[in-house]
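Each chain, letter by letter, is given below.
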Amino acid sequence: MADTTHAHHTSTGQSNVKLGMWMFLGSECLLFGGLISTYLLYRGRVSEGPTPSQIFDIPFTSVSSFVLLMSSLTMVLAVSAAAKKDDRGTNLWLVVTAMLGATFVGGQVYEFTAFYNEGLGFTTSLFGSSFYTLTGFHGVHVTVGIIMLLALVAINKRSKVPGSKAETVEMLGLYWHFVDIIWIIIFTLVYLIPV
Amino acid sequence: MATDTHIHSESQTGDHAEHGMSTRGYVNIAIILALITALEVATYYVDFGPFFLPSLIIMMVAKFVIVVSYFMHLKFDNKIFSFLFYSGLVLAIGVYVAFLATFHFFIR
């Protein structure tokens with residue numbers, strides 16, 4: 001039914017914004033694919049400084065991963081609330097998602113600080129450079145997502161028409177879930193599989 | 001008028017998004033994801049022998065597909081979105097597997 005109602009808006013019958021977002025996410029696969037494969041190539045190249053197995057704190061990173069995973073649940077609940085034109089619920093879940101995202105980023109900052117104190121700088125080794133680049137890029141994506149979440153809450157509060165930002169919430173949801181699936185890959189390939 | 005049309009359009013897209021699952025369904029999916037994550041972490045502490053790497057990869061792919069299919073609604077949405085996303089993904093995997101093979105990554 002939704003397809004039919006959109007037919008007069010676009011030539012595909014689908015929202016152009018949504019098409020654009022999926023195309024963007026498809027292109028992001030190439031960006032993170034490059035960063036992940038570069039890390040895989042360089043993770044064993046440690047001329048000086050600590051090796052991955054010496055510094056990775058698996059229990060800590062597991063908790064961070066769990067937090068980010070649960071933020072995907074709260075994000076999908078925000079999308080669901082927006083679709084029901086429930087602005088109050090939407091804002092609540094968006095804020096909770098932003099808080100969980102901030103917890104994840106905070107954990108990453110703590111982890112980076114701990115690694116630096118243990119002797120792993122950005123230029124210490126090829127492992128360090130590729131690790132910080134990969135996880136740093138992901139952290140920036142999460143941070144941008146948090147900013148967009150909070151901005152959307154502010155915009156939603158000003159909106160006088162309930163559910164008028166449903167598509168925007170859905171698009172932000174797609175971005176947020178993408179950031180989560182990238183972490184699913186990073187957590188396994190970077191942290192759990194030893195060199 | 002243009003604004004009215006825009007609002008109308010966004011609301012309809014919101015309804016479109018609702019066709020996914022119920023809140024209970026989303027919570028169940030999240031529980032499944034959490035359990036898989038717990039299993040993944042368990043592989044770090046328990047010796048899975050030759051099944052270590054395959055089981056980790058399978059669990060990673062399972063989590064990826066579950067999030068994309070249910071939380072991102074690809075399973076319920078128009079196939080054109082699946083095509084756009086999986087095209088990028090397959091291209092990325094192809095390019096970077098070839099890239100890693102060039103550096104003899106798989107025969108170390």
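Parameters and conventions
Residues numbered from 1 in each chain as written. Chains lettered and ligands numbered in written order. Predicted model: local features only at pLDDT ≥ 70, side-chain atom pairs only at ≥ 80, totals over all residues. Helix = DSSP H or I, 4+ residues; strand = E, 2+ residues; numbered from the N terminus. Buried ≥ 20, exposed ≤ 12 C-beta atoms within 10 Å, placed from the backbone. Contact = placed C-beta atoms within 7 Å. Nonpolar A, V, L, I, M, F, W, Y, C, P; charged D, E, K, R; others polar. pLDDT = per-residue confidence, 0-100. Axes fitted to C-alpha atoms, helices over the stretch in contact; angles between N-to-C directions. Parallel < 35°, antiparallel > 145°, perpendicular 65-115°, else oblique. Left-handed = near helix turned anticlockwise from the far one by under 90°. Expected span 1.5 Å × (residues − 1).

1. Thoughts on the overall build of chain B
Stage number 1. Helix and strand counts for chain B stand at four helices and zero strands.
Stage number 2. Counting helices and strands in the order they occur from the N terminus, chain B gives α-α-α-α.
Stage number 3. Looking at chain B as a whole, 28% of its 108 residues qualify as buried.

2. Focus on the overall build of chain A
Stage number 1. Summing up its helical and strand segments, chain A has seven helices and zero strands in all.
Stage number 2. Moving toward the C terminus, one meets the helices and strands of chain A in the order α-α-α-α-α-α-α.
Stage number 3. When each of the 195 residues of chain A is scored for burial, the buried share is 46%.

3. Comments concerning the interface of chain A and chain B
Stage number 1. Contact with chain A, which involves 52 residues of that partner, is made by 48 residues of chain B.
Stage number 2. When contributions to the side of chain A that touches chain B are tallied by element, the ones reaching two or more residues are α1 (2–6), α2 (16–42), α4 (58–83) and α7 (166–192) of chain A.
Stage number 3. Taken together, the residues of the side of chain A that touches chain B break down into 27 nonpolar, 18 polar and seven charged.

4. Details of the confidence of the model for chain B
All names here are of chain B.
Stage number 1. This prediction gives chain B a mean pLDDT of 84; 81% of its residues lie at or above 70.
Stage number 2. Contacts for the low-pLDDT stretch residues 1–18, under 50 throughout, to residues beyond four places or in other chains number 33 contacts.
Stage number 3. Scoring the predicted complex yields pTM 0.89 and, for the interface, ipTM 0.89.

5. Some thoughts on the packing of α4(A) against α7(A)
Residue and element names in this part refer to chain A.
Stage number 1. Where α4 contacts α7, the two axes come as close as 9 Å, and the packing angle between them is 160°. Classified by the angle their axes make, α4 and α7 are roughly antiparallel. Between α4 and α7 lies a crossing whose hand is left-handed. The residues of α7 that touch α4, namely those facing I58, T61, S65, L68, L69, S72, M75, V76, A78, V79, A82 and A83, are A166, V169, E170, G173, W176, H177, D180, W183, F187 and Y191.

6. Some details on unusual backbone geometry
Stage number 1. In this model, A:K85 sits at a positive phi of 60°, which is unusual for a non-glycine residue.
Stage number 2. What makes A:K85 partly exposed here is the crowd of 17 C-beta atoms within 10 Å.
Stage number 3. Backbone geometry places B:H104, a non-glycine residue, at a positive phi of 55°.
Stage number 4. Position of B:H104 relative to the elements: it lies in the segment after α4 (79–102).
Stage number 5. B:H104 gets classed as exposed once you count the C-beta atoms within 10 Å, which come to 9.

7. Brief notes about α4(B)
Stage number 1. Between its first and last C-alpha, α4(B) extends 34 Å over 24 residues, near the 34 Å set by a 1.5 Å rise per residue.
Stage number 2. Where α4(B) is buried, its residues touch α2 of chain A.
Stage number 3. Positive phi appears at B:H104, one or two residues downstream of α4(B), with a value of about 55°.

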